[in-house]
Amino acid sequence: MGKLKTAVIGTGFIGPAHIEALKRIGNVEVHGVTSLDVNAAKALAERYSIPRVYEKWQDAVCDKEIDVIHNCTPNNLHFEINKAALKEGKHVISEKPLTLTSTESQELLNLAEEKGLVNAVNFNYRFYPLMQHAKRMAEKGELGDIYLVHGHYLQDWLYYETDYNWRLEPGISGESRAVADIGSHWCDLVQFITGSRIKRVCADLLTVHKKRKRPLEEVDTFKGKEEKTKGGFEDVEVKTEDAASVLLQFENGARGVFTVSQISAGRKNNFWFEIDGSKKAISWDQEEPNELWIGYREKANEVLIKDPSLLDEYARRYAHYPGGHPEGYPDGAKNLFMNVYDFISKGKDPRKDKTEFPTFKDGHQEIKIVEAILKSSKEEKWVEVGS
Ligand SMILES: NC(=O)c1ccc[n+]([C@@H]2O[C@H](COP(=O)([O-])OP(=O)(O)OC[C@H]3O[C@@H](n4cnc5c(N)ncnc54)[C@H](O)[C@@H]3O)[C@@H](O)[C@H]2O)c1
């Protein structure tokens, strides 16, 4: 099989990260790109020698030459674009959250199943080498029974009432913000490592800035901190959470808790978790991604440094550089895409063959968790996640 041809839709923060990662794997040609910002799409096409710039996303989805669509648009477009792409017979790699509601994610899941097309969600944090190693530790029983799973995901880019982005608008971002945007990564990763799903939640949501100042001109994701708008503001009511704390119960009996926040001063992308088992504990900080802390009661604790020669055999293939040569955020997506493109190139069927990447099924379950969290906070009680 020749190179698979891909189109990337969306050229804001994550679109270029997809393109850059795709350029680092072998069996794919980024054939086209499109976004609302035509100049950004043209600039990316020029920088990365991408032959086509489409006027609109529909042109990418209908291009007969394209095998795979990467959906890097805001959340409200995930359902429509993913659905159209599947209907056109394209494999899809979607950004998270998969959709705005579980009705939509269920429909996508059914459609992907019916079509037998590859469907993936970019839960990229699973593919840091040490996260694959941590999963193998749990699988091999090295952690023992899992007692407790706890942690946080903290950012500060929406700290001030003048910080603004489409994520503040429920019509674009969905009814949940901090939980759906970053809590989704936290929940996905701990479920992936422990191999156990979150089955019940009890949540407390917090909106610090009940009103924010929306710039009259649009601000790109994460740019609000550096580029204050010159075009003036208007006051808008904020309907989604700046932060949340959520108690958890897992299917395997483990208990847990996490806090997410986009208003924690000084915290940039502080994604941290600890898993406490009956044999040992592990913890990891996304901002120090090449170190896995391993805790013991009866002897000195350890820090495992990412080094292929020290990793579990399975995890080793995700570490592309020797010890002491850090790998992090750009490498997670690269590893995930590598697995997806290998799967497609080998002609595998997602309905029958083992998928070593997160699928729409995982994306759907994540939406169910978000919905349960919203319900729990509203009704002030424990809520079952359901399937
Ligand atoms: N996996 C991760 O680590 C990660 C990180 C950041 C963002 N994301 C996800 O990626 C998605 C995009 O986030 P972002 O931060 O890149 O946003 P962004 O605002 O920086 O970029 C959005 C892009 O979508 C384009 N777009 C909007 N409407 C469009 C339309 N109708 N047709 C074509 N293009 C359109 C915009 O022009 C822009 O290029 C979100 O769903 C977000 O949750 C994931």
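Notes on the structure in this doc start here. (Residues numbered from 1 in each chain as written. Predicted model: local features only at pLDDT ≥ 70, side-chain atom pairs only at ≥ 80, totals over all residues.)

For the protein chain, the count of helices and strands is 11 helices and 17 strands. For the protein chain, the spread of C-alpha atoms along the principal axes amounts to about 60 × 55 × 40 Å. Burial analysis of the protein chain (387 residues in total) assigns 48% to the buried set. (Helix = DSSP H or I, 4+ residues; strand = E, 2+ residues; numbered from the N terminus. Buried ≥ 20, exposed ≤ 12 C-beta atoms within 10 Å, placed from the backbone.)

We now examine the packing of helix 5 (residues 102-115) against helix 11 (residues 360-379). Axis separation between helix 5 and helix 11 bottoms out at 9 Å; the angle between their running directions is 165°. Overall, the two elements helix 5 and helix 11 adopt an arrangement that is roughly antiparallel. For the crossing formed where helix 5 meets helix 11, the hand is left-handed. Across the interface between the two elements, Ser102, Ser105, Gln106, Leu108, Leu109 and Ala112 of helix 5 pack against Phe360, Lys361, Gly363, His364, Ile367, Lys368 and Glu371 of helix 11. (Axes fitted to C-alpha atoms, helices over the stretch in contact; angles between N-to-C directions. Parallel < 35°, antiparallel > 145°, perpendicular 65-115°, else oblique. Left-handed = near helix turned anticlockwise from the far one by under 90°. Contact = placed C-beta atoms within 7 Å.)

Right, let's get into the packing of helix 8 (residues 178-194) against helix 11. The angle between the axes and the distance between the axes are what describe a pair of packed helices. At a minimum axis separation of 10 Å, helix 8 and helix 11 run at an interaxial angle of 120°. By the angle between their directions, the pair helix 8 and helix 11 is classed as oblique. As for the relative orientation of helix 8 and helix 11, their crossing is right-handed in sense. Of the residues in helix 11, those touching helix 8 at Val179, Ala180, Ser184, Cys187 and Asp188 are Asp362, Glu366, Ile369, Val370 and Ile373. Taken together, the residues that form the contact of helix 8 with helix 11 break down as 6 nonpolar, 1 polar and 3 charged. (Nonpolar A, V, L, I, M, F, W, Y, C, P; charged D, E, K, R; others polar.)

Our next topic: the nonpolar core. In terms of nonpolar packing, the biggest core is built from 103 residues, with Trp186, Val340 and Ile373 touching the most fellow members. The element best represented in this core is helix 8, accounting for 10 residues. Three or more residues apiece are contributed to this core by two domains, here domain 1 (4-123 + 334-352) and domain 2 (126-326 + 367-384). Setting aside residues no more than four positions away along its own chain, Ile373 makes contact with Ser176, Val179, Val201, Ala203, Ala244 and Val246. (Core = buried A, V, L, I, M, F, W, Y, C linked by C-beta atoms within 7 Å. Domains from an automatic or database assignment.)

Before going further, it helps to spend a moment on the environment of Ile344. In this fold, Ile344 is placed in helix 10 (residues 329-345). For Ile344, a count of 20 C-beta atoms within 10 Å puts it in the buried group. Placed 253 residues apart in sequence, Ile344 and His91 show a C-alpha to C-alpha distance of 8.5 Å. Sequence-distant contacts of Ile344, defined by excluding residues within four places in its chain, comprise Leu4, Val68, His91 and Val118.

Another point: the pairing of strand 7 (residues 146-154). Two elements, strand 7 and strand 13 (residues 270-277), share 8 bridges in a ladder whose sense is antiparallel. The partner of Ile146 across the bridge, within strand 13, is Gly277. Of the pairings in the sheet, the one linking strand 7 to strand 12 (residues 255-261) comprises 7 bridges and is parallel in character. Residue pairing across strands places His150 opposite Val257, the latter belonging to strand 12. (Pairing = 2+ DSSP bridges.)

Another point: the sheet that holds strand 14 (residues 281-285). Taking strand neighbours across the sheet as the criterion, the 9 strands line up as 16-15-14-13-7-12-11-8-17 in an open arrangement whose pairing is mixed. The outermost strands of the open sheet, each flanked by one partner alone, are strand 16 (302-305) and strand 17 (383-384). Judged from the 4 bridges that link them, strand 15 (residues 291-295) and strand 16 form a sheet pairing that is antiparallel. Note that in strand 16 the partner of Ile294 across the bridge is Glu302. Docked against the sheet, helix 11 engages strand 8 (198-206), strand 11 (243-250) and strand 17, running at close to 55° with respect to strand 8.

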